[in-house]
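Structural features, examined
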Amino acid sequence: MKLIAGNSIAGKSIAGIGTAVPDHKLSLQDTLDAGAAWLAGRPAELALFSRFAVSSQIQNRHIAFRTEEILGLNGYPSRLERFHEVGMNLAERAINAALKDAGLTVKDVGTIIFTSCTAPSIPSLDTRVIDKLGFS
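Residues numbered from 1 in each chain as written. Predicted model: local features only at pLDDT ≥ 70, side-chain atom pairs only at ≥ 80, totals over all residues. Heavy atoms only, no water.

Brief notes about the overall build of the protein
Counting its secondary structure elements, the protein contains five helices and five strands. Counting the 136 residues in the protein, one finds 29% classified as buried. Considering only intrachain contacts with a sequence separation of at least 6, the fraction spanning at least 24 residues in the protein is 69%. With the model as given, the accessible surface of the protein reaches about 8,700 Å², and the carbon-plus-sulfur share is 56%. (Helix = DSSP H or I, 4+ residues; strand = E, 2+ residues; numbered from the N terminus. Buried < 20%, exposed > 50% of the residue type's maximum accessible area, 1.4 Å probe, protein only. Contact = heavy atoms within 4.5 Å. Areas by Shrake-Rupley, 256 points an atom, 1.4 Å probe, with all protein chains shown as cover.)

Things to note about the nonpolar core
Leu80, Phe83, Met88, Ala91, Ile95, Leu99, Val106, Val109, Leu125, Val129 and Phe135 form the largest nonpolar core, which has 11 residues in total. Of all the elements in the fold, those that place two or more residues in this core are helix 4 (76-102) and helix 5 (125-133). A per-element tally of this core places helix 4 first, with six residues. (Core = buried A, V, L, I, M, F, W, Y, C linked by side-chain atoms within 4.5 Å.)

Thoughts on the pattern of salt bridges
Summed over the entire model, instances satisfying the criterion amount to five salt bridges. Here arginine 82 makes a salt bridge to glutamate 85, at a shortest N to O gap of 2.4 Å. A residue pair is termed a helical-turn pair when its members lie 3 or 4 positions apart in one helix, as arginine 82 and glutamate 85 do in helix 4 at three residues. One continuous salt-bridge network, built from bridges that share partners, spans Glu69, Arg82 and Glu85. (Salt bridge = Lys/Arg side-chain N within 4 Å of Asp/Glu carboxyl O.)

Observations concerning helix 1 (residues 28-38)
Turning to helix 1, its buried residues are Leu28, Thr31, Leu32, Ala34 and Gly35. All buried residues of helix 1 project into a common sector of 160 degrees when viewed along the axis, lining one side. (Arc of directions from axis to C-beta.)

Details of helix 2 (residues 43-55)
Counted at 1.5 Å a residue, the expected span for helix 2 with its 13 residues is 18 Å, and the 18 Å between its end C-alpha atoms agrees. In the stretch just after helix 2, glutamine 57 is the one whose phi turns positive, near 60 degrees. (Expected span 1.5 Å × (residues − 1).)

Written as structure tokens, this is what we have:
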């Protein structure tokens, strides 16, 4: 999460940065094991997943819930609901850290830049957190 002070990006700078990561951490081997459980009986998809995981060169990943819970979620609506729960908490933590780092309050902020490829939704997570925290 990067916090930019002002009403537009033009002529402004990053005022503060706050980060928050999920509580659970997976090693590359944990990721490959989870992929094997998820794609059991689908060898072509497992091979593609494994190739992608290894070639990304990501040694550790932070994830929102234990792999058993992720694998047990039944479809996109369930995943989206859980993403909103955890994502709101992470967004609030990151925003509060960025505000503290910058010495600002929500009233001082005119622009928030947010990105996520985890679970696209309407309304988006940033819109939800903007409303909850009282940004203009």
